[in-house]
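So the chains spell out like this:
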Amino acid sequence: NELEELKKRLEAAQLSPEADKVAQRELQRLQRMNPAQAEYQVCRNYLENLAEIPWSKVSEDRLDKETLLRAKRQLDDDHYGLEKIKKRLLEYLAVLKLKEVGKKEIDEEIRRLTKGSEEKMEEGEKEGQKEEEKETLVKKGEKLEQKKPPPREPSEQELRLLEKKRMVDKSPILLLVGPPGTGKTSLAKSIATALGRKFHRISLGGVRDEAEIRGHRRTYVAAMPGLIVSGLKKVGVANPVFLLDEVDKLGMSNFHGDPSAAMLEVLDPEQNHSFTDHYVNIPIDLSKVLFIATANSLDTIPPPLLDRMETIQLSGYTTLEKRHIATRHLLPKQITSNGLHPENVELPEEVLDKIITAYTRESGVRNLEREIGSVVRSKAVEYATAKDTDSLPTYSPLVTLSDLDTILGIERFTEELTEQHARPGVVTGLVAYSTGGQGSILFIEIADMPGSGRVQLTGKLGDVLKESVEVALSWVKSHAFALGLTTTEDEDIMKNRSIHVHCPSGAIPKDGPSAGLAHTVALVSLFSGQPVPPTLAMTGEVSLRGRVLPVGGIKEKLIGALRAGVERVLLPEGNRKDVQELPEEVRRGIKIECVGGIWEGLGMVW
Ligand code: ATP
Ligand code: MG
């Protein structure tokens, strides 16, 4: 009957010793209960859940001689470029493989040790039994107890081995960080495929409630295990790859508990061999799970959580890289998924470039994939119609530039710099993440007017940006004479003048200190009346002492600059190391110069 079946399933599930104890107790309770009782269902549900958790069942890893080669092939097949990231992932897999071998060796050694000591103990027991046989029936109860081998104290050597195993067991948790659509999720999937492990995605975006991760206590009506245990139940093995998607969007601590604290327990290799779900309420070993997390930015990840992960940074793609990704991966994928054959669609390079620059604005390739999908679908309609009306010979697989207008509509984005001409007080700055998450240029406009030294700031500027404008202004004011902006040393350049600083587009919030250099140059340009060419862009934080300090997002910024038609860029000296890592295309297309201080920077502008 029902109970027998449940019992069998529990046996098959190979529960951990703790879980087994609980299961036995609950089973006994269930047997005494009336099935009509509400409690009966709760109890049965619980036991069914226990039976579904993979306590020790694992899928065999494909960690053989071929693993690394296969993984490399898999990563290369699925992703273009990303050389540094692939290399890091392969290192990770190589270490994983070595550890697996190491763990097996330790296991073997422990087995040898325990076997040795058990044999000794069994001998001892037998002697004891003989004596006991002579004893009277009254003492039978005690005798049964004595018969069970007493819990053996693990020897010192064994403890050392266990400790060593725990050390080996600790595998770092990878965190892939980068703009949307740059291949984080699909890299994680490729790893799972290469290892031959089950894959499960856990979306952490918007998880506000600790109970979503850890489950509700069983006393709640309709209580359920949390995301982690549900995931284990779903994959049915104890060693899957879990993709923790969007850890940066995990909710902060609130009255529903602290979701990030729960994640901490999941991710910390020191603790996760005994993770407790509130519903299950028995420690579950998560140490065999391979966790890979993804995030769009590091800023919102709680520091303790970040500390437990090893970050791998992905950055946006250049137009050239996007073109390669499109021809090698996205187009073939769309063609097959729309029921066509490769020879049915021909997308020339210039058409593809047009789609990339005029119809998408992003760091990654997700929208590009969507647009290519639209083009391919429209070709599919054409092809199907031609087939139905027997006019196949007139069908042309070629997509032309003029087709794009009809298929995708009018161009959505135009290059900004072409319509600009130089005027004093306007400087081209760089942002790493504009709308659409890609690097781009931004104009800094400063105008002056009669007034009483007021500084007005518009364009939805954040506090840090506002302060950086103040720093720039103070520096210019204090060096006004040296800059030749005033005729005497104690003259105030702001006397009877007010200035207005604006950054279009006005509706988009902007923040960060990285426009400091651009602000300083714009102020000097305004006060001196000398324009700055719009094709010269600059980025860098400035200090009051006139130093230009390094900033982040160089690759994104320069990719955006190249697309916008920038010809020369001033970067902080401290970012020189980033220049070497820039794509060839960018280094060839833009003249990059590094400056250590404001004076040096001004010297390069004029
Ligand atoms: P998000 O942060 O929004 O979750 P993501 O980084 O996880 O983004 P994916 O879903 O992995 O993005 O990638 C989007 C699409 O782009 C996928 O179809 C993926 O295969 C493709 N893609 C991304 N990068 C590459 C690449 N280098 N080569 C081939 N395809 C790629
Ligand atoms: Mg993703």
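Quick caveat, the model's predicted, so the values are computed rather than measured.

Colleague: Summarise the overall build of the protein; cite the residues concerned and give the values.
Modeller: Helix and strand counts for the protein stand at 22 helices and 16 strands. In the protein, which comprises 606 residues, the proportion classed as buried is 46%. Carbon together with sulfur atoms contributes 52% to the accessible area of the protein, which is approximately 31400 Å² in total.

Colleague: Describe unusual backbone geometry, naming the residues involved and giving the relevant values.
Modeller: Even without glycine at this site, Gln 14 takes up a positive phi of about 50°. Positive phi, close to 60°, is recorded for Glu 246, a residue that is not glycine. Relative to the helices and strands, Glu 246 resides in the loop between strand 3 (241-245) and helix 11 (259-267).

Colleague: Explain the pattern of salt bridges to me, and be specific about the residues and the numbers.
Modeller: Once their charged atoms are close, side chains differing in charge can pair, the charge on each being opposite to the other. For the coordinates displayed, the defined rule picks out 32 salt bridges. Across the pair Glu 26 and Arg 218 runs a salt bridge, and its minimum N-O distance is 3.4 Å. A residue pair is termed long-range when its members are at least 10 positions apart, and Glu 26 in helix 2 (residues 17-32) and Arg 218 in the loop between helix 9 (210-214) and helix 10 (227-235) qualify at 192 residues. On the basis of relative accessible area, Arg 218 is assigned to the partly exposed category, the value being 25%. For Asp 76, the salt bridge is made with Lys 86, and the minimal N-O distance between the two is 2.9 Å. Residue Asp 76 is located in helix 4 (residues 67-78), and its partner Lys 86 is located in helix 5 (residues 83-133); the two are separated by 10 residues in the primary sequence. On the accessibility criterion, Asp 76 (32% relative accessible area) is partly exposed. Given the relative accessible area of 4%, Lys 86 is considered buried. Sharing partners across several salt bridges, the network here consists of Arg 25, Glu 26, Arg 29, Glu 39 and Arg 218.

Colleague: Can you explain the packing of helix 2 against helix 3 (residues 38-52)? Please cite residues and give values.
Modeller: Contact geometry of helix 2 with helix 3 gives a least axis separation of 10 Å together with a crossing angle of 150°. Of the possible angle classes, the one that applies to helix 2 and helix 3 is roughly antiparallel. The interaxial crossing formed by helix 2 with helix 3 has left-handed handedness. For the pair helix 2 and helix 3, the contacting residues are Ala 19, Val 22, Ala 23, Glu 26, Leu 27, Arg 29 and Leu 30 in the first and Glu 39, Tyr 40, Cys 43, Arg 44, Tyr 46, Leu 47 and Leu 50 in the second. A per-class count over the contact of helix 2 with helix 3 returns 10 nonpolar, no polar and four charged.

Colleague: For the sheet that holds strand 2 (residues 199-203), give the residues involved together with the corresponding values.
Modeller: Read across the open sheet, the five strands follow the order 2-3-6-1-7; overall the sheet is parallel. Of all the strands in the sheet, just strand 2 and strand 7 (309-313) have a single pairing partner and so form its edges. Across the sheet, the axes of successive neighbouring strands diverge by a mean angle of 25°, strand direction being ignored. Here strand 2 runs beside strand 3; their pairing, made up of five bridges, is parallel. What sits directly across from Phe 199, in strand 3, is Val 241.

Colleague: Explain the site of ligand 1 residue by residue, including any values.
Modeller: Tyr 80, Gly 181, Lys 184, Thr 185 and Arg 366 are the nearest of the 19 residues found near ligand 1. Gly 183 places a polar main-chain atom, nitrogen or oxygen, 3.1 Å from an oxygen atom of ligand 1. When ligand 1 is considered free in solution it has 640 Å² of accessible area, and contact with the protein chains removes 88% of it. Mapped by element, the contributors of at least two residues to the shell around ligand 1 are helix 8 (184-195), helix 13 (319-337) and helix 15 (366-388). Tallied by class, residues from the shell around ligand 1 come to six nonpolar, eight polar and five charged.

Colleague: Provide a residue-level description of the packing of aromatic side chains, including the pertinent values.
Modeller: Summed over the entire model, instances satisfying the criterion amount to four aromatic pairs. We note Arg 218 situated over the ring of Tyr 46; from NZ or CZ to the ring centre the distance is 3.8 Å.

Colleague: Explain the environment of Glu 18 to me, and be specific about the residues and the numbers.
Modeller: If you trace the backbone, Glu 18 turns up in helix 2. Residue class for Glu 18 comes out partly exposed when judged on its relative accessible area of 44%. Considering only alpha carbons, one finds Glu 18 and Val 42, 24 residues apart in sequence, at a separation of 20 Å. If sequence neighbours within four positions are ignored, Glu 18 has contacts with Ile 282 and Pro 283.

Colleague: An account of the confidence of the model for the protein is requested, with residue identities and associated values reported.
Modeller: Mean pLDDT over the protein works out to 84, with 90% of the residues at or above the 70 mark. Across residues 131-146, confidence stays below pLDDT 50; counting only partners more than four residues off in sequence or on other chains, it has three contacts. Reported confidences for the modelled complex are a pTM of 0.74 and an ipTM of 0.97.

Colleague: Outline helix 14 (residues 349-359), listing residues and values.
Modeller: Buried within helix 14 we find Val 351, Leu 352, Ile 355, Ile 356, Ala 358 and Tyr 359. Looking at the buried residues of helix 14, the elements they touch are helix 13, helix 15 and helix 16 (401-408).

Colleague: Outline the packing of helix 14 against helix 16, listing residues and values.
Modeller: Interaxial distance between helix 14 and helix 16 falls to 9 Å at its minimum, and their mutual angle equals 40°. With respect to each other, helix 14 and helix 16 are oriented oblique. Where helix 14 crosses over helix 16, the handedness of that crossing is right-handed. Of the residues in helix 16, those touching helix 14 at Glu 350, Val 351, Lys 354, Ile 355 and Tyr 359 are Leu 401, Leu 404, Asp 405 and Leu 408.

Colleague: Account for the side chain of His 519, naming residues and giving values.
Modeller: The residue His 519 is located in helix 18 (residues 516-528) in this model. Each residue touching His 519, except ones within four places of it in the same chain, is listed here: Ile 444, Ile 446, Leu 465, Ser 468, Val 469, Ala 472, Val 501 and Cys 503.

Each value, and the rule that gives it
Residues numbered from 1 in each chain as written. Chains lettered and ligands numbered in written order. Predicted model: local features only at pLDDT ≥ 70, side-chain atom pairs only at ≥ 80, totals over all residues. Heavy atoms only, no water. Helix = DSSP H or I, 4+ residues; strand = E, 2+ residues; numbered from the N terminus. Buried < 20%, exposed > 50% of the residue type's maximum accessible area, 1.4 Å probe, protein only. Areas by Shrake-Rupley, 256 points an atom, 1.4 Å probe, with all protein chains shown as cover. Salt bridge = Lys/Arg side-chain N within 4 Å of Asp/Glu carboxyl O. Axes fitted to C-alpha atoms, helices over the stretch in contact; angles between N-to-C directions. Parallel < 35°, antiparallel > 145°, perpendicular 65-115°, else oblique. Left-handed = near helix turned anticlockwise from the far one by under 90°. Contact = heavy atoms within 4.5 Å. Nonpolar A, V, L, I, M, F, W, Y, C, P; charged D, E, K, R; others polar. Pairing = 2+ DSSP bridges. Near = heavy atom within 4 Å. Polar contact = N/O pair within 3.5 Å; in protein donor to acceptor, adjacent residues only side chain to side chain. Phe/Tyr/Trp six-rings, centres within 6.5 Å; stacked < 30°, edge-to-face > 60°. Lys NZ or Arg CZ within 6 Å of the ring centre and 35° of its normal. pLDDT = per-residue confidence, 0-100.

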